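Observations on chain architecture
Here is what each chain is made of, one letter per residue.
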Amino acid sequence: MLAEDEQSLEEYMAHLRIERGSSVRTLEAYGRDLKDFREFLERHDGSSLSTADRNAIIAYEADLAARGFAPASIERHVSSIKGFCKFLVREGLAKHNPADTVPLPGKPDRLPDVLSVEQVNALMDALPESDKPADLRNRAMLEMLYGCGLRVSELSGLNLGDLVLDDGYLRVFGKGSKERITPISGAALRALSAYLEKGRSQLQKPYTPVNSAVFLNARGGRLSRQSVHAVVARAGLAIGVENLHPHTLRHSFATHLLEGGADLRVIQEILGHSDISTTQIYTHVSRAHIREEYLAAHPRAKVRPESA
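Conventions we followed
Residues numbered from 1 in each chain as written. Predicted model: local features only at pLDDT ≥ 70, side-chain atom pairs only at ≥ 80, totals over all residues. Heavy atoms only, no water. Phe/Tyr/Trp six-rings, centres within 6.5 Å; stacked < 30°, edge-to-face > 60°. Helix = DSSP H or I, 4+ residues; strand = E, 2+ residues; numbered from the N terminus. Buried < 20%, exposed > 50% of the residue type's maximum accessible area, 1.4 Å probe, protein only. Patch = residues over 30% accessible without salt bridge, like charges linked within 9 Å, V, L, I, M, F, W, Y side chains within 5 Å. Areas by Shrake-Rupley, 256 points an atom, 1.4 Å probe, with all protein chains shown as cover. Salt bridge = Lys/Arg side-chain N within 4 Å of Asp/Glu carboxyl O. Lys, Arg positive; Asp, Glu negative; His and termini not counted. Charge placed at Lys NZ, Arg CZ, Asp CG, Glu CD. pLDDT = per-residue confidence, 0-100. Axes fitted to C-alpha atoms, helices over the stretch in contact; angles between N-to-C directions. Parallel < 35°, antiparallel > 145°, perpendicular 65-115°, else oblique. Left-handed = near helix turned anticlockwise from the far one by under 90°. Contact = heavy atoms within 4.5 Å.

The tally for this structure, following the rule as stated, stands at 6 aromatic pairs. A ring pair is formed by Tyr12 and Tyr30, whose centres lie 6.1 Å apart and whose planes are at 75°; its orientation type is edge-to-face. Here Tyr12 is found in helix H1 (residues 3–19), whereas its partner Tyr30 is found in helix H2 (residues 24–44), with 18 residues between them in sequence. Of the two residues, Tyr12 and Tyr30, neither departs from the other in class, the shared state being buried.

Shown next as structure tokens:
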């Protein structure tokens, strides 16, 4: 790799980490994308990250598609290149931005998976009624993923100091370490309180350092994102839903709020979306739900028109 490319990449990563507040996972994703692009350039025309032109970027898009990358993944790779090229120009490390006029590939419209209210109730009802620490913890996690609309990383990253339960809210750190306030009440608050009162102290081990994490594993350490995924997937199987994802509970939370009459701006604030257009996907989900209800309930909704 050319020395100037390596230096530029290091400066860009520092910019993302310090000025943009990007998470470790985001930095790793950008790094992988730009490394993959660099390796393509070496095969394609021998150019470098700092000398690649518009045609090389377009050729890279085609290469990603040929390798079977999904449209959303291709868009992310191109976005990584766009961000890097923009940084080079702004810092005076390049005169022109070859990615400026490269359009992002269109992603097919895809509505997020959601559970019905009945499925959510069945999911919670299927959880063990137990005072075992792990059972109390798992119930609290599932209730909070759905009841507070948390991302899995936000849930696993919660610390005891982030809980302001007397006032009914959580301090949540989302993408880019952006802080927001998320309400908690009802079943989620009861489940969390039960876990904190009866379960967490038993998971905290005397031989491990004091841990401020809310959710602990069997060894007394912070529960990982992968473990949360496993708990949710296992709970889904109990109601016949395979590969249930924590994000599905977040989508269900937002959809059910909208269907219940909540304002879209309020949902945006709770979810931590920086752009209202991201939240608007749930209006499409709600419309799909309305159509499903109509087709199921109206006696003549399924009558087919006569062919001409």
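Now, onward.
A word on a negative patch on the surface. Taken together, the side chains of Glu6, Glu10, Glu11, Glu19 and Glu91 make up a negatively charged region of the molecular surface. Among the structural elements, Glu6 can be located in helix H1. Residue class for Glu6 comes out partly exposed when judged on its relative accessible area of 40%.

Bringing the confidence of the model for the protein into the picture now. Per-residue confidence for the protein gives a mean pLDDT of 86; residues scoring 70 or more make up 88%. Element-level mean pLDDT values for the protein span from 66 in helix H13 (residues 281–297) up to 96 in helix H6 (residues 133–148).

Remark: helix H10 (residues 246–259) packs on helix H11 (residues 264–271), axes separated minimally by 10 Å, with the N-to-C direction vectors making an angle of 160°. Taken together, H10 and H11 sit at an angle that is classed as roughly antiparallel. When you trace H10 past H11, the crossing you get is right-handed. Listed contacts from H11 to Arg250, Phe253, Ala254, Leu257 and Leu258 of H10 are Leu264, Ile267, Ile270 and Leu271.

What follows deals with the side chain of Gln268. Relative to the helices and strands, Gln268 is located in helix H11. Classification of Gln268 as buried rests on a relative accessible area of 10%. Each residue touching Gln268, except ones within four places of it in the same chain, is listed here: His273, Ser274, Asp275, Ile276 and Thr279.

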